[in-house]
Amino acid sequence: MLRSPKTSILILILLLLAATALPAMTPHARAHDSEQKRTLSLSATGAVKTTPDKVDITTGVTSEAPTAREALDKSTEAMTAIVQALKVEGIEAKDIRTVNFSVMPVYEQFPPDGKPRPAPRITGYRVVNQVHIQVRDTGKLGAILDKVVSLGANTIDGIAFNVAEPDKLRDEARKRAVQNAIATAKVYAEAAGVTLGPILSISEDDSGPIRYGRPNAARMEMSKDVPIEGGTATVETRIRVTWELQ
């Protein structure tokens, strides 16, 4: 079907109007839209040192006797005196907890001379009674150790220095890590001749366990308090921060 000249002109005008209505997308604009933001990303560490304010001790009594009853009585007598003394020193009942209690036979021992041995014979019984203690006043540690040993404690399996409220120290370490990151980023930006923009992200790389300095321990003397030093505790946090560069 043939169109009139007026109809053809009208169609041409409509096509031109539609083309001009579309936004122009120049090569420069397309490159700008696909360009990624310039960023600076670095890691920083924040650390807080403090003096341990809590000590965990595992101590106890190991008793032997010809009969289980006698061994148990000896162990009970000594452990009762130890617990009472701990309470007198200010250790609360909640901070004293039995962690090991056992009764076992003791068998006759033979020298390793290679000769045939008769059937094992029970010569007595051994009772082990151990408690875990939390000392919240570290200044009393030496006096407490001296007292429990004097009253019959013949095993001390561990002395661990700890921090009662580590979360507060860890939050302070996080603040210091951010401050260190900002200070370092300013140095990089100045050296590179750029300006720091807003922070795009902060992530925590690692919040490791509290590190404790090795304490100095001395031999136990019954005539005076046991001198033990707790050293220092270090709470450390590592973060990663990313800035936009302007």
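The rules behind these values
- Residues numbered from 1 in each chain as written.
- Predicted model: local features only at pLDDT ≥ 70, side-chain atom pairs only at ≥ 80, totals over all residues.
- Heavy atoms only, no water.
- Pairing = 2+ DSSP bridges.
- Helix = DSSP H or I, 4+ residues; strand = E, 2+ residues; numbered from the N terminus.
- Core = buried A, V, L, I, M, F, W, Y, C linked by side-chain atoms within 4.5 Å.
- Buried < 20%, exposed > 50% of the residue type's maximum accessible area, 1.4 Å probe, protein only.
- Contact = heavy atoms within 4.5 Å.
- Axes fitted to C-alpha atoms, helices over the stretch in contact; angles between N-to-C directions.
- pLDDT = per-residue confidence, 0-100.
- Polar contact = N/O pair within 3.5 Å; in protein donor to acceptor, adjacent residues only side chain to side chain.
- Salt bridge = Lys/Arg side-chain N within 4 Å of Asp/Glu carboxyl O.

**Re the pairing of strand E8 (residues 233-245)**
For a regular strand, the rule is simple: side chains alternate between the two faces of the sheet.
No. 1: Of the strand pairs in this sheet, strand E1 (residues 39-50) and E8 are connected by 12 bridges, and their pairing is antiparallel. Among the inter-strand pairings, threonine 45 is bridged to a residue of E8, identified as arginine 238.
No. 2: Here strand E7 (residues 211-212) runs beside E8; their pairing, made up of 2 bridges, is antiparallel. Pairing of arginine 211 across the sheet is with threonine 234, part of E8.

**As for the nonpolar core**
No. 1: Judged by nonpolar contacts, the single largest core of 18 residues is most densely connected at Ile57, Ile82, Leu86, Ile91, Ile133 and Val135.
No. 2: Among the secondary structure elements, those contributing two or more residues to this core are strand E2 (54-65), helix H3 (68-88), strand E4 (122-135) and helix H4 (141-150).
No. 3: Core analysis: the second largest hydrophobic core is formed by 10 residues, Leu40, Leu42, Ala185 and Leu245 among them.

**Describing H4**
No. 1: Where H4 is concerned, the buried positions are Leu141, Gly142, Ile144, Leu145, Asp146 and Val148.
No. 2: As for H4, its buried residues are in contact with E2, H3, E4 and strand E5 (155-162).

**Focus on the sheet that holds strand E3 (residues 96-107)**
No. 1: Spatial strand order, E3-E4-E2-E5: 4 strands in an open sheet with antiparallel pairing. Of all the strands in the sheet, just E3 and E5 have a single pairing partner and so form its edges. When strand polarity is set aside, the average angle formed by the axes of neighbouring strands in this sheet is 10°.
No. 2: Where E2 and E5 come together, 7 bridges link them in antiparallel fashion. Each residue of the ladder has a partner; that of threonine 59, found in E5, is isoleucine 156.
No. 3: On top of the sheet, H3 reaches E2, E3 and E4; it is set at about 155° to E2, its chief contact.

**Section: the confidence of the model for the protein**
No. 1: Per-residue confidence for the protein gives a mean pLDDT of 81, with 77% of residues at or over 70.
No. 2: Confidence drops under a pLDDT of 50 for residues 215-224, and excluding neighbours within four residues, the segment shows 19 contacts in the predicted structure.

**Quick notes on the environment of arginine 240**
No. 1: Structurally, arginine 240 can be placed in strand E8.
No. 2: As a C-alpha pair, arginine 240 and serine 201 span 39 residues in sequence and 8.1 Å in three-dimensional space.
No. 3: If sequence neighbours within four positions are ignored, arginine 240 has contacts with Ser41, Leu42, Ser43, Ser201, Ile202, Ser203 and Asp205.
No. 4: Within polar-contact distance, the side chain of arginine 240 engages the side chain of serine 41 at 3.3 Å.

**Points about the pattern of salt bridges**
No. 1: Under the definition given, this model contains 10 salt bridges.
No. 2: Close ionic contact of lysine 147 with glutamate 89 constitutes a salt bridge, the shortest N to O distance being 3.1 Å. Of the two residues, lysine 147 is situated in helix H4 and glutamate 89 in the loop between H3 and E3; the sequence distance between them amounts to 58 residues.
No. 3: For lysine 94, the salt bridge identified is with glutamate 92, shortest N-O distance 3.8 Å.
No. 4: A residue is classified by how much of its surface remains accessible, and glutamate 92, at 45% relative accessible area, is partly exposed.
No. 5: A network of salt bridges, in which partner residues are shared, links Asp171, Arg174 and Glu204.

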